[in-house]
Amino acid sequence: MSRNSRFEHRDKRRKANMVLNVLIGIVVVLILVVASSLLIFNRPPKDVADEPSKTAPATSENKQNSKEDVKDPKKDTSDDSDAKKDDSSDQDDNTKKTDDEEKPNKDALKDAKETDGGKTSDVDKTYENDDWKPVGTEQSGSHTATYDSNSKDWKEMINAMSYATGISEDQMTVLWLGNNGGPQDAKGTVRDKSTGERYRVEITWVDEKGWKPVKVEKLR
């Protein structure tokens with residue numbers, strides 16, 4: 001082979017290598033460009049990336065609010081217990097008031113002046129008390145004694161006899177109740193269910209104040 005031929009062959013190989021290197025460089029550049037594009041496209045938007053930092057205070061505040069909204073079971077139990085205690089206390093007070101209002105005076109006859117019997121043989125002892133007061137009334141206007149067991153007047157007469165004898169109404173049996181000689185005077189005979197003792201009670205009407213006990217006779 002001549003010297004010129006060898007030179008031409010080398011020159012062709014060198015040119016081929018240069019072309020190949022150029023192509024490789026282009027390919028590498030393309031690969032870098034494509035990779036960069038993919039990274040850029042896959043990167044989240046700036047607003048989205050910044051969103052956690054912006055919403056962080058709100059999230060913290062929400063957590064704080066959530067803590068405040070969550071009720072402490074122990075606290076709720078304590079509050080419920082206090083409420084129950086208050087309700088129980090109110091009920092006890094109401095019961096006590098009701099008992100005090102409805103409970104008759106057990107010492108009613110002890111506080112009264114006692115005399116030796118009466119005019120009839122069936123009377124054991126007679127009691128009178130200047131401190132006896134009218135028991136009050138729900139009636140208004142002119143009064144007329146009514147001996148109907150369903151009337152207010154009847155109930156108020158029973159109340160007056162209970163007050164005078166000290167026998168509660170639920171422990172008192174009314175044997176008789178009627179007129180005592182005047183339009184505003186009444187008399188009744190009652191029995192104590194617990195002891196079996198019988199009493200005759202005289203009462204009189206006081207305008208706008210109700211029935212007032214006048215005399216109590218303990219019967220034999």
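Throughout what follows, the structure given in this document is the object of discussion. (Residues numbered from 1 in each chain as written. Predicted model: local features only at pLDDT ≥ 70, side-chain atom pairs only at ≥ 80, totals over all residues. Heavy atoms only, no water.)

### Quick word on helix 4 (residues 152-165)
Moving on, step 1. Between its terminal C-alpha atoms helix 4 stretches 20 Å, which fits the 20 Å expected from 14 residues at 1.5 Å a residue.
Moving on, step 2. When you tally the buried positions in helix 4, you get 10 out of 14 residues, the bulk of the element.
Moving on, step 3. Restricting attention to buried positions, one finds in helix 4 the residues D153, W154, E156, M157, I158, A160, M161, S162, A164 and T165.
Moving on, step 4. Where helix 4 terminates, the next one or two residues include G166, which has phi positive at roughly 80 degrees. (Helix = DSSP H or I, 4+ residues; strand = E, 2+ residues; numbered from the N terminus. Expected span 1.5 Å × (residues − 1). Buried < 20%, exposed > 50% of the residue type's maximum accessible area, 1.4 Å probe, protein only.)

### Here we look at the pattern of salt bridges
Moving on, step 1. Under the counting rule described, the total for this entry stands at eight salt bridges.
Moving on, step 2. The partner of E217 in a salt bridge is R200, with the nearest N and O atoms 2.9 Å apart. Here R200 lies in strand 5 (residues 198-206) and E217 lies in strand 6 (residues 210-219), a separation of 17 residues in the sequence. R200 shares its class with E217; the two are buried.
Moving on, step 3. A salt bridge links E217 to K215; the nearest nitrogen and oxygen atoms lie 3.7 Å apart. Note on accessibility: E217 and K215 belong to one class, buried.
Moving on, step 4. Put simply, D122, R200, E202, K215 and E217 are held in one network by salt bridges that share partners. (Salt bridge = Lys/Arg side-chain N within 4 Å of Asp/Glu carboxyl O.)

### Description of the sheet that holds strand 4 (residues 185-192)
Moving on, step 1. Sheet architecture is open: six strands sit in the order 1-2-6-5-4-3, paired in antiparallel fashion. Both edges of this open sheet fall to strand 1 (113-115) and strand 3 (172-179), since each of them pairs with a single strand only. If you compare each strand with its neighbour and ignore which way they point, the axes differ by 25 degrees on average.
Moving on, step 2. Bridge count between strand 1 and strand 2 (residues 123-128): three bridges; the pairing is antiparallel. Across the sheet, T115 pairs through a bridge with T126, a residue of strand 2. (Pairing = 2+ DSSP bridges. Axes fitted to C-alpha atoms, helices over the stretch in contact; angles between N-to-C directions.)

### A short note on the pairing of strand 4
Moving on, step 1. Direction of pairing for strand 3 relative to strand 4: antiparallel, over a ladder of seven bridges. Bridged to L177 within strand 4 is G188.
Moving on, step 2. Taking the residues that link successive antiparallel strands as the turn, the strand 3-strand 4 hairpin has five residues, and the phi of G181 there is positive, at about 100 degrees.
Moving on, step 3. Where strand 4 folds back onto strand 5 in an antiparallel hairpin, the turn is made up of five residues, including G196, whose phi is positive at roughly 80 degrees.

### Topic: the environment of G188
Moving on, step 1. Here G188 is to be found in strand 4.
Moving on, step 2. According to the relative accessible area criterion, G188 is buried, its value standing at 0%.
Moving on, step 3. Measuring from C-alpha to C-alpha, the distance between G188 and M161 comes to 7.8 Å, with 27 residues separating the pair along the chain.

### Some details on the nonpolar core
Side chains of a nonpolar character, in soluble globular proteins, are inclined to be buried together.
Moving on, step 1. By size, the foremost hydrophobic cluster in this structure holds 22 residues, and its most contacted members are M161, I203, W211 and V216.
Moving on, step 2. Looking at this core, the elements that each hand over two or more residues are helix 4, strand 3, strand 4, strand 5 and strand 6.
Moving on, step 3. It is helix 4 that contributes the most residues to this core, six residues altogether.
Moving on, step 4. Not counting the four nearest positions on each side in its chain, M161 is found in contact with L177, G188, V190, V201 and I203. (Core = buried A, V, L, I, M, F, W, Y, C linked by side-chain atoms within 4.5 Å. Contact = heavy atoms within 4.5 Å.)

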